[in-house]
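Fold and contact review
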Amino acid sequence: MLENQLKEPSGELTIRVIAMPSNTNAAGDVFGGWVMSQMDLAAGSAAGIRARSKTVTVAIDGVSFLAPMSVGDELSVYTDVLKVGRTSMTINVQAWRRVRQSTERQLVTHGKFVFVAVDENSRPVAIPVETQ
């Protein structure tokens, strides 16, 4: 399992944010939905850069919540484009927490996000071939 192998994040740091009291549930833990929204924002940013166009989320696969977050924890979201098709791409996303006032890091959740590149009419468009 991924969570048993990872000691360090992989991919590109795309978003870093601090969990605030408004991001918590009644038990005081950060909402999983808030973490997922940060992951979607990061993946969408990576997808838009790669596609050079607007992109939309079409699927989220294999998300596993591994650890809770608390108010004041820093959430860092890492992205890595795994696969690019004609109009879609798959992005691996990892969300790590840094415990407030420490250097301890922990994998919170991970998953694969699928995006489709679209035009101004929300119709799929080809993703440019990457040249290097």
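Here the structure is a predicted model, which is why all the values come from computation and not from measurement. Each chain carries its own residue numbering, running from 1 in the written order of its sequence. Local features in a predicted model are, by the rule used here, given only for residues with pLDDT of at least 70; side-chain atom pairs are given and counted only at 80 or more, and totals for whole chains, interfaces and linings are based on all residues. Calculated side-chain values reflect all of the structure's heavy atoms, with hydrogen atoms and water omitted.

Our next topic: unusual backbone geometry. Although it is not a glycine, Arg-52 sits at a positive phi angle of roughly 55°. Numbered from the N terminus, helices here are DSSP runs of H or I no shorter than four residues, and strands are runs of E no shorter than two. Considering the arrangement of structural elements, one finds Arg-52 in the loop between α2 (32–51) and β2 (54–65). Residue exposure (1.4 Å probe, protein chains only): buried if accessible area is under 20% of the type maximum, exposed if over 50%, otherwise partly exposed. The exposure class assigned to Arg-52 is exposed, which follows from its relative accessible area of 56%. With a phi angle near 60°, Ser-122 is a residue other than glycine that sits in the positive phi range. Mapped onto the fold, Ser-122 is located in the segment after β5 (105–118).

Another point: the pairing of strand β3 (residues 74–84). Relative to β3, strand β1 (residues 12–18) runs antiparallel, the two being bridged by 6 bridges. Counted as the bridge partner of Arg-16 is Ser-76 from β3. With 10 bridges connecting them, β3 and strand β4 (residues 88–98) associate as antiparallel partners. Bridge pairing in β4 links Val-84 to Met-89. Turn length for the β3-β4 hairpin, with the two strands adjacent in sequence and antiparallel, is 3 residues. At least two DSSP bridges between two strands are needed for those strands to be called paired.

A few words on the layout of surface pockets. Its volume calculated, the largest pocket comes out at about 200 Å³. For the lining of the largest pocket, the element with the highest residue contribution is α2, accounting for 4 residues. Throughout, the ten residues Ala, Val, Leu, Ile, Met, Phe, Trp, Tyr, Cys and Pro are labelled nonpolar, Asp, Glu, Lys and Arg are labelled charged, and all others, Gly among them, are labelled polar. Split into classes, the residues belonging to the lining of the largest pocket amount to 4 nonpolar, 3 polar and 4 charged. A 1.4 Å probe that fits but cannot get out identifies a cavity on a 1 Å grid over protein atoms alone, an open set with protein on both sides within 12 Å along at least five of seven lines counts as a pocket, and a residue lines either if it has an atom within 4 Å of a point. Grid points are joined across faces, edges and corners, and a volume is the space filled by probe spheres set on the points.

Further remarks concern the pattern of salt bridges. In the sections that follow, a salt bridge refers to a side-chain nitrogen of Lys or Arg positioned within 4 Å of a carboxyl oxygen of Asp or Glu. Summed over the entire model, instances satisfying the criterion amount to 5 salt bridges. A salt bridge links Glu-130 to Arg-50; the nearest nitrogen and oxygen atoms lie 3.6 Å apart. Here Glu-130, found in the segment after β5, pairs with Arg-50, found in helix α2; they are 80 residues apart in sequence, far enough to count as distant. By relative accessible area, Glu-130 is classed as partly exposed at 45%. Of the charged contacts in the structure, one is a salt bridge between Arg-97 and Asp-73, with a shortest N-O distance of 2.8 Å. In this pair, Arg-97 sits in strand β4 while Asp-73 sits in the loop between β2 and β3, placing the two residues 24 residues apart along the sequence. For the residue pair Arg-97 and Asp-73, the accessibility class agrees, reading buried in each case.

Here the focus is the sheet that holds β4. One open sheet holds the 5 strands; their spatial order is β1-β3-β4-β5-β2, and the pairing between them is antiparallel. Only two strands of the sheet have a single partner each, and these edge strands are β1 and β2. Across this sheet, the average inter-strand angle for adjacent strands is 25°, counted without regard to direction. Contacts between residues were defined by any pair of non-hydrogen atoms, one from each residue, lying within 4.5 Å. Whenever a helix is involved, its axis is fitted only over the stretch in contact; in every case the axis is a line through C-alpha atoms, and angles between N-to-C directions fall within 0 to 180 degrees. The strands touched by α2 are β1, β2, β3, β4 and β5; relative to β5, the strand with the most contacts, the crossing angle is about 45°.

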